[in-house]
Amino acid sequence: MTAAGDVVPWLGPDSGAPLGVPLVDLLDRVLATGVVISGDLVIAIADVPLVRLSLHALLASVSERVPAPWSDGGPL
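Let us look at the structure shown here.

A word on the overall build of the chain. Within the chain one finds one helix and two strands. Sequence-ordered secondary structure for the chain, helices as α and strands as β, is α-β-β. A total of 76 residues make up the chain; the buried ones form 1% of that total. In the chain, once contacts between residues fewer than 6 apart in sequence are set aside, the share between residues at least 24 apart is 21%. For the chain, the exposed surface amounts to about 7,500 Å²; the carbon and sulfur share of it is 64%.

What follows is the structure in structure tokens.
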């Protein structure tokens, strides 16, 4: 049994490998494939919803070599 504050070393199969993924690699993968973020926030008092906020976002990279899916060049 360990006391509070004791550090227990990782003894798994990859104990010599660093934990986690470098931020640059993670960002590269997210931008290459894209990611959708969606969420809702409801502010209520006494179980009466007063304010509802919805968030829907798409994060992806843009390339000039890939044509826009819109015929007129896009909504911008």
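Turning to the environment of Val 42, a few remarks are in order. As for its placement among the helices and strands, Val 42 is situated in strand β1 (residues 35-45). The exposure class assigned to Val 42 is partly exposed, which follows from its relative accessible area of 46%. The spacing of Val 42 and Leu 53 is eleven residues in sequence and 6.4 Å in space, taken between C-alpha atoms. Discounting chain neighbours no more than four positions away, the residues touching Val 42 are Pro 49, Val 51 and Arg 52.

All told, the structure shown has one salt bridge when counted by the stated rule. Of the charged contacts, one joins Asp 40 and Arg 52 as a salt bridge, the two residues approaching to 3.3 Å between their closest N and O atoms. Here Asp 40 is found in strand β1, whereas its partner Arg 52 is found in strand β2 (residues 48-59), with twelve residues between them in sequence. Note on Arg 52: relative accessible area 58%, which makes it exposed.

Before going further, it helps to spend a moment on the pairing of β1. Judged from the eleven bridges that link them, β1 and β2 form a sheet pairing that is antiparallel. Each bridged residue has a counterpart across the sheet, and for Gly 39 the counterpart in β2 is Leu 55.

This part is about unusual backbone geometry. Phi at Ala 46 takes a positive value of approximately 55 degrees, unusual for a residue other than glycine. With a phi angle near 60 degrees, Asp 47 is a residue other than glycine that sits in the positive phi range. Along the polypeptide, Asp 47 turns up in the loop between β1 and β2.

Okay, the environment of Val 36 next. Along the chain, Val 36 falls in strand β1. Relative accessible area serves as the criterion here: at 62%, Val 36 is assigned to the exposed category. In this structure, the C-alpha to C-alpha distance between Val 36 and Leu 59, residues 23 residues apart in sequence, is 6.4 Å. Beyond its immediate stretch of four places on either side in the chain, Val 36 contacts Ala 57 and Leu 58.

Reading the values: the criteria
Throughout, a residue's number is its position along its own chain's written sequence, starting from 1. Local features are withheld for residues below a pLDDT of 70 in this predicted model, meaning they are given only at 70 or higher, and side-chain atom pairs are given and counted only at 80 or more; totals for whole chains, interfaces and linings count all residues. The side-chain figures draw on all heavy atoms in the structure; neither hydrogens nor water molecules are used. Only DSSP runs of H or I reaching four residues or more are called helices, and only runs of E reaching two or more are called strands; each is numbered from the N terminus. Only protein chains enter the area calculation, which uses a 1.4 Å probe; residues under 20% of their type maximum are buried, those over 50% are exposed, and those in between are partly exposed. Note on contacts: a residue pair qualifies if any of its non-hydrogen atoms lie within 4.5 Å across the two residues. Only the protein chains shown count as cover for residues, with accessible areas throughout obtained via the Shrake-Rupley method and a probe of 1.4 Å. Salt bridges are defined by distance alone: a side-chain nitrogen of Lys or Arg within 4 Å of a carboxyl oxygen of Asp or Glu. Strand pairing is defined by DSSP finding a minimum of two bridges between the two strands.

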